[in-house]
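What the coordinates show
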Amino acid sequence: MISLQGRSFLTLKDFTAQEIQYLLDLASDLKKKKKQGILGTSLKGKNIALIFEKPSTRTRCAFTVGCVDEGGHPEYLGKDDIQLGHKESVKDTARVLGRMFDGIEFRGFRHATVEELAQYAGVPVWNGLTDDYHPTQILADFLTLQEHFGRLRGLKFVYVGDGRNNMANSLMIGAAKMGMDFVLDAPSQLWPSEELVQLCHSYAAESGGSITITDQPDAVEGADVIYTDVWCSMGEEDKAAERVKLLRPYQVNRELMERTGKKETVFLHCLPAVKGNEVTEDVFESPASLVFDEAENRMHTIKAVMVATLGRQE
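Bear in mind the structure is a predicted one, so any value in this text is a computation, not a measurement.

Thresholds applied
- Residues numbered from 1 in each chain as written.
- Predicted model: local features only at pLDDT ≥ 70, side-chain atom pairs only at ≥ 80, totals over all residues.
- Heavy atoms only, no water.
- Salt bridge = Lys/Arg side-chain N within 4 Å of Asp/Glu carboxyl O.
- Helix = DSSP H or I, 4+ residues; strand = E, 2+ residues; numbered from the N terminus.
- Buried < 20%, exposed > 50% of the residue type's maximum accessible area, 1.4 Å probe, protein only.
- Polar contact = N/O pair within 3.5 Å; in protein donor to acceptor, adjacent residues only side chain to side chain.
- Contact = heavy atoms within 4.5 Å.
- Phe/Tyr/Trp six-rings, centres within 6.5 Å; stacked < 30°, edge-to-face > 60°.
- Lys NZ or Arg CZ within 6 Å of the ring centre and 35° of its normal.
- Core = buried A, V, L, I, M, F, W, Y, C linked by side-chain atoms within 4.5 Å.
- Axes fitted to C-alpha atoms, helices over the stretch in contact; angles between N-to-C directions.
- Parallel < 35°, antiparallel > 145°, perpendicular 65-115°, else oblique.
- Left-handed = near helix turned anticlockwise from the far one by under 90°.
- Nonpolar A, V, L, I, M, F, W, Y, C, P; charged D, E, K, R; others polar.
- Pairing = 2+ DSSP bridges.
- Right-handed = clockwise from strand over helix to strand, strands pointing away.

A few points about the pattern of salt bridges
Within the structure shown, the criterion is met by 15 salt bridges. A salt bridge links D92 to R95; its shortest N-O distance comes to 2.6 Å. Of this pair, D92 and R95 both sit in helix α3 (residues 90-100), three residues apart, which is roughly one turn of the helix. Classification of D92 as partly exposed rests on a relative accessible area of 31%. When its relative accessible area of 39% is taken as the criterion, R95 is described as partly exposed. Across the salt bridge formed by D282 and R254, the nearest N and O atoms sit 3.1 Å from each other. Here the residue D282 occupies a position in helix α10 (residues 281-284), and R254 occupies one in helix α9 (residues 254-258), the gap between them amounting to 28 residues.

The structure is reproduced here in structure tokens:
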């Protein structure tokens, strides 16, 4: 019996394939119940702090709705609402919030901030996005693929675009742990760190998956999944023109989708999308696009994380 009670959720590095699958299966069950109008009480009496340094649509709404669905109270704390890292250290803020709240979500810039919150809060801390990792998004992506293909193991998953951002990092970790054949197709200037690549190779060796890093367009051949993200992450707006020029050959368009050689290939994007840059409108709106299933699944998977790590076990 898998138990994640009291655990923080900062990066998928910290979780086994079995634990990740447990979260996906729990999310699937919670989703089914919600569709039937059945809501839970596992977070009844729990207060959840939602700290946001960066703006958010899906993450904020998913934590809020997921918490309320399970009987908890979410409290939004924007960057101008608390003293985090300004007049008060992260360490002190963590110890204050940990005495008032039962769980803490953090969405911001430095990954070290969410690690410090988890170190000192004394309650579960969940990473809603940092510059390095976005683990709750990966759970939503994998639930979407599990629903569509009925499996994760053995899928050829091709990520195209900026290969050193939080999405590329987290997808590579998750795919390697879950036995997928992961291909990162990006210009060499935007490849992930060699240290992370080697770590993911070790995960893949254990799971039966594989990791390929390339800059060749034909890497999409045989892909079951094509995934992309914005070419310029939050906080990097000054690099937009440079990134557009560098990444134009990696746009997900009809030609690239046809190059897979599979009519069954699906398209994913964590959103929001800059249509005309990383993906064309026709691909985004095509039957291959599962982006809104993926967006909805943020709520079900985030709810699963909260229930598994904090909720009263029924």
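A few points about the side chain of H269
Tracing the sequence through the fold places H269 in strand β9 (residues 266-269). Overall, H269 belongs to the buried group, its relative accessible area being 1%. In terms of polar contacts, H269 uses its side chain to reach the backbone amide nitrogen of L271, at 2.8 Å. The residues touching H269, leaving out its near neighbours within four places in the chain, are Y227, T228, D229, V230, E278, V279, V291 and E294.

Considering the packing of aromatic side chains
Scanning all chains against the criterion turns up seven aromatic pairs. Taking 5.1 Å as the distance between ring centres and 55° as the angle between the ring planes, the aromatic pair formed by F9 and F15 counts as tilted. You can call F15 buried: its relative accessible area is 2%. Joined through ring pairs, the aromatic side chains of F157, Y159, F182 and Y227 make up one cluster. Geometry around F15 places R7 over its ring, the cationic atom sitting 4.4 Å from the centre. In this structure, R60 is placed above the aromatic ring of Y76, and the distance from its NZ or CZ to the ring centre is 3.6 Å.

Examining the side chain of H300
Along the chain, the position of H300 falls in helix α11 (residues 291-309). When near neighbours in sequence (up to four residues on either side) are disregarded, H300 contacts A27, K31, K34 and L143.

Observations regarding the nonpolar core
The biggest cluster of nonpolar side chains holds 61 residues, and the ones touching the most others in it are F142, L145, F157, L171 and F182. Setting aside chain neighbours within four positions, we find F157 in contact with F142, L145, L171, M180, D181, F182, V183, V225 and Y227. Residues A219, V220, L247 and M257 belong to the second largest nonpolar core, which totals 22 residues.

Quick notes on unusual backbone geometry
The peptide bond linking L271 to P272 adopts the cis configuration, its omega dihedral lying at 0°. Among the secondary structure elements, P272 is positioned in the loop between β9 and α10. Within the chain, L271 stands out as a residue other than glycine whose phi angle is a positive 65°. Residue position: L271 is located in the loop between β9 and α10.

Quick word on the packing of helix α5 (residues 135-149) against helix α6 (residues 166-177)
Closest axis-to-axis distance for the α5/α6 pair is 9 Å, and the angle between their directions is 55°. Classified by the interaxial angle, the pair formed by α5 and α6 is oblique. Handedness of the α5/α6 crossing: right-handed. Listed contacts from α6 to P135, Q137, I138, D141 and F142 of α5 are M167, S170, L171, G174 and A175. Tallied by class, residues from the contact of α5 with α6 come to six nonpolar, three polar and one charged.

Description of the packing of helix α1 (residues 17-35) against α11
Each pair of packed helices gets described by two things: the angle between the helix axes and the distance between those axes. Between α1 and α11, the shortest axis-to-axis distance is 8 Å and the interhelical angle comes to 115°. Taken together, the axis directions place α1 and α11 in an arrangement best described as roughly perpendicular. Like other packed secondary-structure pairs, α1 and α11 cross with a definite hand, here right-handed. Taken together, the residues of α11 that come into contact with α1 (itself represented by Y22, L23, L26, A27, L30, K31, K34 and K35) are E296, N297, M299, H300, T301, K303, A304, V305, V307 and A308. Here the contact of α1 with α11 is composed, by residue class, of 10 nonpolar, three polar and five charged.

Thoughts on the pairing of strand β7 (residues 210-214)
Pairing between strand β6 (residues 181-185) and β7: five bridges, direction parallel. Paired with F182 across the two strands is I211, which belongs to β7. Handedness of the crossover joining β6 and β7 through helix α7 (residues 194-207): right-handed.

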